[in-house]
Amino acid sequence: MFNRILFPTDGSEGADAAFGHVLDVAADTGATVHILNVADTTHDSVTRIGGDVIDVLERQGETFVEAAAERAADRGVETETAVEQGGVAETIIAYATDRDADLIAMPTRGRTGLDRLLLGSTTERVVRQSPVPVLSIGPDDVPADYPYRNILAPTDGSDRAGAAFDRALEIARHDGATVHALAVVDVGIIGADGYAGVDALISGAERTVADAAATAEAAGVEAVEAVEVGAAAAHGIHSYVADHDVDLVVMGTRGRTGVERYLLGSVAEHTVRTAPVPVLTVPDAGDEA
């Protein structure tokens, strides 16, 4: 399922907590974890100690990745470590591309203050730009349930959403999980009663989830069909997670455009920020660099 997982760390409590979930996944799948610290070049970190000129951030980074590697070794997980200089999000993406990573797993929060290396905004930039799937793990997601038992796959019937749904099925087959195919009918602030075309939208959404469920069942995966009608797609996703014991959301980073859209990049980013469970965002093949 996963062979090479990239885990960027800044040594914060949030990163350490998220790393436990990453180790669960790696130990189960046999993946190698690439542990990366980015010495952010937007900060002046060079200093002199005695007669030696050193980079404080690089030295800190080496401590962070070595500690994580030792923790992985205790779980029997193979690792590679690196400390790189550069802009954080750009360096993470470049490293994943150069090492053929098939997953980037990272926390949504890191250090605060002037010495921060990871931020929610960094995670969102990686989600938007990464050519490989990104598993975002929030501070409230830990300890996250693994193996996954209920996987939510929001869909709008587009090819891009289909690629994410296929990835959800792959994980579900591996974990023996149920996939929940969800379509959210966004009727805006006017509400369902004031939307003249809402019945047609609901019918279309029902067909979309029925097709997705049929695909799941053909793959030997148990599926649940669901349609939510509300004022915002992200809110519908969040509510469904809370009400159905979902422990992973798998979604595309783009969806349809225009009036019929159910998923958008901003919806994916909002879900990453607010979901109480890990979120796996899957880029469309056409988004790859």
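Preceding this section is the structure that the text describes.
Rules used throughout
Residues numbered from 1 in each chain as written. Predicted model: local features only at pLDDT ≥ 70, side-chain atom pairs only at ≥ 80, totals over all residues. Heavy atoms only, no water. Helix = DSSP H or I, 4+ residues; strand = E, 2+ residues; numbered from the N terminus. Core = buried A, V, L, I, M, F, W, Y, C linked by side-chain atoms within 4.5 Å. Buried < 20%, exposed > 50% of the residue type's maximum accessible area, 1.4 Å probe, protein only. Contact = heavy atoms within 4.5 Å. Pairing = 2+ DSSP bridges. Salt bridge = Lys/Arg side-chain N within 4 Å of Asp/Glu carboxyl O.

J.: So what's going on with unusual backbone geometry? Which residues, and what values?
T.: Glycine aside, negative phi is the norm for most residues, and most peptide bonds take the trans geometry. Of the consecutive residues Y146 and P147, the connecting peptide bond is found in the cis state with omega at 0°. Relative to the assigned elements, P147 resides in the loop between strand 7 (134-137) and strand 8 (150-154). Non-glycine residue D100 carries a positive phi angle of around 55°. A positive phi angle is found at D245, which is not glycine, with a value near 55°. In this structure, D245 sits in the loop between helix 7 (233-243) and strand 11 (248-252).

J.: Hey, could you go over the nonpolar core for me, with residue numbers and the actual values?
T.: Among the nonpolar cores identified, the biggest contains 51 residues, and I5, F19 and I151 are the most heavily contacted of them. Sequence-distant contacts of I151, that is, excluding residues within four places in its chain, are made with A168, I171, A172, A177, T178, V179, H180, L248 and V250. One finds V38, A101, V272 and V279 within the second-largest nonpolar core, a separate group that totals 35 residues.

J.: Pulling in residues and values, what's your account of the pairing of strand 6 (residues 103-107)?
T.: Within strand 6, five of the five residues are buried, which leaves it mostly tucked inside the rest of the structure. What you see with strand 6 is no split at all: L103, A105 and P107 on one side and I104 and M106 on the other are buried throughout. In this structure, strand 1 (residues 4-8) lies alongside strand 6, joined through two bridges in parallel fashion. Across the sheet, residue L6 finds its bridge partner in strand 6, namely I104.

J.: Go over the pattern of salt bridges with me, naming the residues and quoting the values.
T.: Using the criterion set out here, one finds five salt bridges in the structure. One salt bridge connects R125 with E90, and the closest N-O pair in it is separated by 2.5 Å. Placement of R125 in helix 4 (residues 120-129) and of E90 in helix 3 (residues 88-98) is noted, with a sequence separation of 35 residues between them. For E90, a relative accessible area of 42% puts it in the partly exposed group. Between R273 and E124 there is a salt bridge, with its nearest N and O atoms 3.3 Å apart. Note that R273 is positioned in helix 8 (residues 265-274) and E124 in helix 4, a separation of 149 residues in sequence. Here R273 falls in the partly exposed class, since its relative accessible area comes to 39%.

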